[in-house]
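# Chains, contacts and geometry: an overview
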Amino acid sequence: MSDGPPRFVLASPESDFYWRSGADGRLRIQRCGDCGRWIHPPGPVCPFCHSRRISPEPVAGTGTVATYTVNHKEWIPGFTPPYVFAFVELDEDPTVRIGTNIVGCEIDEVEIGMRVEVLFEESGEWHVPLFRPIQEGP
Ligand SMILES: [Zn+2]
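Attention in this report is confined to the structure presented alongside it. All values derive from a computational prediction rather than experimental measurement. (Residues numbered from 1 in each chain as written. Predicted model: local features only at pLDDT ≥ 70, side-chain atom pairs only at ≥ 80, totals over all residues. Heavy atoms only, no water.)

Pairs can form between side chains of opposite charge once their charged atoms are near each other. All chains considered together, the criterion is met by eight salt bridges. With a closest N to O distance of 2.7 Å, Arg 28 and Asp 24 form a salt bridge. Notably, a salt bridge pairs Asp 91 with Arg 115, separated by 2.9 Å at the nearest N-O pair. Taken together, the residues span a long stretch of sequence, with Asp 91 in the loop between strand S5 (83–90) and strand S6 (93–102) and Arg 115 in strand S7 (residues 115–123) at a distance of 24 residues. Because the salt bridges share partners, they merge into one network encompassing Asp 16, Arg 20 and Glu 125. (Salt bridge = Lys/Arg side-chain N within 4 Å of Asp/Glu carboxyl O. Helix = DSSP H or I, 4+ residues; strand = E, 2+ residues; numbered from the N terminus.)

What follows is the structure in structure tokens.
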């Protein structure tokens, strides 16, 4: 774990919950109360059925690395490269892809299809969702 600043806290009225959800250790994703689809990134209406009955619901916080890139340049001030930016497919719905960083392993250990779980990097009032490899066995 680095102890740098939050990576990409881009708070909006709709995504505010996402960056705070980890306060109780749970990851939450918006879900539509009408069609039941998971929605990410968060928005004001369901992109599938245009319902406004959407609200954050807890998810297991596990998923699979769908794509990733290794950044070697310091695009974000104070954010020490190299680091891994990835999209993680959520177990609840693989069409939901969460943009995040993979931590807790060597960069060359990250691969597509790797099983990962959420953890939260606390930074003031924010709990930034990051993902790390799921440890197999004891
Ligand atoms: Zn819907």
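Turning our eyes to something else, we now look at the nonpolar core. Counting residues in hydrophobic clusters, the biggest one holds 26 residues, and the most contacted among them are Leu 27, Ile 98, Ile 102 and Phe 131. Elements with a minimum of two residues in this core: helix H1 (16–20), strand S1 (27–32), S5, S6, S7 and strand S8 (126–133). When near neighbours in sequence (up to four residues on either side) are disregarded, Phe 131 contacts Leu 27, Gly 61, Val 88, Ile 98, Thr 100, Asn 101, Ile 102, Val 103, Val 116, Glu 117, Val 118 and Leu 119. (Core = buried A, V, L, I, M, F, W, Y, C linked by side-chain atoms within 4.5 Å. Buried < 20%, exposed > 50% of the residue type's maximum accessible area, 1.4 Å probe, protein only. Contact = heavy atoms within 4.5 Å.)

Turning to the packing of aromatic side chains, a few remarks are in order. Counted by the stated rule, this structure contains two aromatic pairs. For the ring pair Tyr 18 and Trp 19, a centre distance of 4.9 Å and an interplane angle of 80 degrees mean the geometry is edge-to-face. The exposure class assigned to Tyr 18 is buried, which follows from its relative accessible area of 4%. Both rings, one in Phe 85 and one in Phe 87, keep their centres 5.4 Å apart while their planes meet at 90 degrees; by these two values the pair is edge-to-face. Overall, the relative accessible area of 33% leaves Phe 87 in the partly exposed class. Seen from the ring of Trp 126, Arg 20 lies directly overhead, with NZ or CZ sitting 4.9 Å from the centre. Of note, Arg 37 hangs over the ring of Phe 48, and the distance from its end group to the ring centre comes to 3.7 Å. (Phe/Tyr/Trp six-rings, centres within 6.5 Å; stacked < 30°, edge-to-face > 60°. Lys NZ or Arg CZ within 6 Å of the ring centre and 35° of its normal.)

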